[in-house]
Amino acid sequence: MNETAQALLRQLPAIDELLRDERGAALCAGHGRELTTQVLREVVGAAREHLLATGAAASQLAPAVLLAAAHHRLVALATCSPRRVFNLTGTVLHTNLGRAPLPAAAIEAVTAAAGACDLEYDVDGGRRGDRDAHVEDWIRRLTGAEAATVVNNNAAAVLLLLNTFARAKDVLVSRGELVEIGGAFRVPDVMARAGAKLVEVGTTNRTHRADFEQAIGPRTALLMKVHTSNYAIHGFTAAVPAAELAALAHAHGLPFVVDLGSGTLLDLTRFGLPHEPTVAEAIAAGADLVTFSGDKLLGGPQAGIIAGKAALVQRLKRNPMKRALRIDKLTLAALGAVLRLQGDPERARRELPTLRLLTRAADDILAAARRVLPAVVAAVAATADVEIVACASQIGSGALPVDLLASHALRLVPRTAGSQAPARLASAFRALPVPVIGRIADGALLFDLRCLDDEETFLRQLEHLRVRGARR
Ligand SMILES: *Cc1c(COP(=O)(O)O)cnc(C)c1O
């Protein structure tokens, strides 16, 4: 260490000194003395390391600078997280942005269940009850299944199913269905973790009934169909229809199970949306168990639902793994509310945000774009040109990957040249009190307005917009 560095190190203020400073005292008053002390130690420690590594300037070691850095960290620690954002990415069910937005009824149900509640208690009989009972009746009505159980998410549902019925046994899956779903859910990996042995059947593009028939052996536990929700194979393709696979499985005394992924309870074509296989269709085709997500097209909280034959559902419930994968009371409350809404499709269309956003007409989105345009133009001032453009929204979460929804976007084109200009603009919108998340395409920042459901907050916060490196 050279002498200047040593001299600088001696200039670093002591923690006590910073705590005695009136700004330090204010931090203690706001955030507590223990946390403030801990954070000040981190900040001073970081300053020391920075100094030794790069030789910082004396100005960076001033109490005011260190206290400001501590303040910044303390505010971040005190900020509610996860926090609300505006999802203007154009992907309605965005996994990184929390997938389905919950309806008001679900939020109320979560609040009601937040304290003591009858989670596993039968109030009428005054005895122990069943967690699944809160939603099972509705799932049966909406799917035609005999019974149902719920777990943490669909990945957990598939894991539980395979572990219960196929541990140390073979599971037959078409090679074309060995998909990876965003967020690292890979059918072969889940299969291995469940202790089941995957037997790939057929080829990537074509799988026939005879392929399955030949693959069935003494170690076969079940036949499985995975809904290839997030990709599509076109051209010379063949898959065995669910009903045929079910018949084949049953002829050999084996269960036939379907991982439907998104799984919708309502036929989306009645809302003018593309067809997505419903759970009821899979059950009607002969599936003994169907697994699907709560927070994809269902429009509810993160959950995994398994519906099907009562005897098989009973076995799932007895697997000790069920306890480790169980759903919590807040999720269960939200799921129940969403299922009740689905009982009345017209009401679901109005009150379920996912359905409302997916069915939002392009004209309605255009009208919103015209309403917010002037304020956005004013907010970005001289830094960008703003125009309204037609675009296409995605459903997201792997649902209906090739079907796009006509929409409109604000296109912000930076006036300054340079490849970083759109990213700087995007970062300024992300720094707003309610971060606005768009997407960058062709040197411009795009805000697809399909999911802009609170224009007032969006507009009100634009006054805080500061684009870095821009003259205002
Ligand atoms: C999304 C999906 C999963 C994973 O569901 P999560 O609820 O995200 O755990 C599994 N299988 C398929 C086919 C899916 O589309």
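Residues numbered from 1 in each chain as written. Predicted model: local features only at pLDDT ≥ 70, side-chain atom pairs only at ≥ 80, totals over all residues. Heavy atoms only, no water.

1. Observations regarding the overall build of the chain
Along its length, the chain carries 20 helices and 17 strands. For the chain, the C-alpha atoms occupy an extent of roughly 85 × 50 × 50 Å along the three principal directions. Scored against the burial criterion, the 472 residues of the chain give a buried share of 48%. A separation of at least 24 residues holds for 73% of the contacts in the chain among residues at least 6 apart in sequence. Here the chain displays about 22,400 Å² of accessible surface, and carbon together with sulfur accounts for 51% of that area. Once the 54 positive and 48 negative side-chain charges of the chain are each reduced to a mean point, those two points are 3 Å apart. (Helix = DSSP H or I, 4+ residues; strand = E, 2+ residues; numbered from the N terminus. Buried < 20%, exposed > 50% of the residue type's maximum accessible area, 1.4 Å probe, protein only. Contact = heavy atoms within 4.5 Å. Areas by Shrake-Rupley, 256 points an atom, 1.4 Å probe, with all protein chains shown as cover. Lys, Arg positive; Asp, Glu negative; His and termini not counted. Charge placed at Lys NZ, Arg CZ, Asp CG, Glu CD.)

2. Overview of the domain arrangement of the chain
Domain annotation of the chain identifies domain 1 (3–78), domain 2 (86–94 + 358–464) and domain 3 (104–351). Each of domain 1 and domain 3 has a C-alpha centre, and the two are 53 Å apart. (Domains from an automatic or database assignment.)

3. Examining the packing of helix α6 (residues 104–113) against helix α15 (residues 329–342)
Two numbers describe how α6 lies on α15: the axes approach to 8 Å, and their chain directions differ by 145 degrees. Handedness of the α6/α15 crossing: right-handed. Contact residues: α6 offers Ala105, Ala106, Ala109, Val110 and Ala113, while α15 offers Lys329, Leu330, Ala333, Ala334, Ala337 and Val338. Counted by class, the contact of α6 with α15 contains 10 nonpolar, no polar and 1 charged residues. (Axes fitted to C-alpha atoms, helices over the stretch in contact; angles between N-to-C directions. Left-handed = near helix turned anticlockwise from the far one by under 90°. Nonpolar A, V, L, I, M, F, W, Y, C, P; charged D, E, K, R; others polar.)

4. Thoughts on the layout of surface pockets
Its boundaries defined by the atoms lining it, the largest pocket holds a volume of some 1,000 Å³. Taken together, 35 residues make up the lining of the largest pocket; nearest its centre are Thr95, Leu97, Gly98, Arg99 and Ala100. Of all the elements in the fold, those that place two or more residues in the lining of the largest pocket are β1 (86–87), α8 (154–166) and β10 (256–261). Across the lining of the largest pocket, the residue classes tally to 16 nonpolar, 12 polar and 7 charged. When residues of the lining of the largest pocket are sorted by domain, at least three fall in each of domain 2 (86–94 + 358–464) and domain 3 (104–351). (1 Å grid on protein atoms, 1.4 Å probe; cavity = no way out; pocket = protein on both sides within 12 Å on 5 of 7 lines; lining within 4 Å. Points joined across faces, edges and corners; volume = space filled by probe spheres on them.)

5. A closer look at the sheet that holds strand β14 (residues 405–414)
Reading across from one edge, β13-β14-β17-β16 is the order of the 4 strands in this open sheet, with antiparallel pairing throughout. Of all the strands in the sheet, just β13 (384–393) and β16 (439–441) have a single pairing partner and so form its edges. On average, adjacent strands in this sheet sit at an angle of 35 degrees to one another, irrespective of strand direction. With respect to the sheet, helix α18 (residues 362–380) is in contact with β13 and β14, its orientation differing from that of β14 by roughly 10 degrees. (Pairing = 2+ DSSP bridges.)

6. A word on the packing of aromatic side chains
A full pass over the atoms with the stated rule returns 2 aromatic pairs. Their ring planes at 85 degrees and their centres at 5.7 Å tell us that Phe86 and Phe458 sit as a pair that is edge-to-face. With Phe86 in strand β1 and Phe458 in helix α20 (residues 455–460), this residue pair connects regions lying 372 residues apart in the sequence. The buried category is assigned to Phe458, whose relative accessible area is 0%. Considering the side-chain rings of Phe429 and Phe447, the 4.8 Å spacing of their centres and the 70 degrees angle between planes classify their relative orientation as edge-to-face. In this pair, Phe429 is assigned in helix α19 (residues 421–430) and Phe447 in strand β17 (residues 444–448), connecting sequence segments 18 residues apart. In this structure Phe429 comes out as buried when scored by relative accessible area, which is 0%. Here the basic side chain of Arg84 rests over the ring of Phe86, its NZ or CZ set 5.1 Å away from the ring centre. (Phe/Tyr/Trp six-rings, centres within 6.5 Å; stacked < 30°, edge-to-face > 60°. Lys NZ or Arg CZ within 6 Å of the ring centre and 35° of its normal.)

7. Thoughts on unusual backbone geometry
Of note, the amide linkage connecting Ser81 to Pro82 takes the cis form, showing an omega dihedral of 0 degrees. Relative to the helices and strands, Pro82 resides in the loop between α5 (63–78) and β1. In the Ramachandran plot, Ala168 falls in the positive-phi region, its phi being about 60 degrees despite a non-glycine side chain. Position of Ala168 among the secondary structure elements: in the loop between α8 and β5 (170–174). Even without being a glycine, Asp442 presents a positive backbone phi close to 50 degrees. Looking at the secondary structure, you find Asp442 in the loop between β16 and β17.

8. Structural notes on the sheet that holds strand β11 (residues 289–293)
Sheet architecture is open: 7 strands sit in the order β4-β12-β11-β10-β9-β5-β8, paired in mixed fashion. With one partner strand each, in any of the chains shown, β4 (147–151) and β8 (197–201) form the two edges of the open sheet. Strand after strand, the sheet turns through a mean of 25 degrees between neighbouring axes, direction not considered. As paired elements, strand β9 (residues 220–226) and β10 share 4 bridges and run parallel to each other. Note on β10: the bridge partner recorded for Leu223 is Phe256. Sitting on the sheet, helix α13 (residues 310–318) touches β4, β11 and β12 (304–308), and the angle it makes with β4 is about 30 degrees.

9. Considering the pattern of salt bridges
Per the stated rule, a full pass over the model turns up 22 salt bridges. Linking Lys317 and Asp132 is a salt bridge whose minimum nitrogen-to-oxygen distance equals 3.2 Å. Residue Lys317 is located in helix α13, and its partner Asp132 is located in the loop between β3 (127–128) and α7 (133–143); the two are separated by 185 residues in the primary sequence. Accessibility expressed as a relative area gives 21% for Lys317, which makes it partly exposed. By relative accessible area, Asp132 is classed as buried at 1%. Within this structure, Asp130, Asp132, Glu136, Lys317 and Lys322 form a network of salt bridges that share partners. (Salt bridge = Lys/Arg side-chain N within 4 Å of Asp/Glu carboxyl O.)

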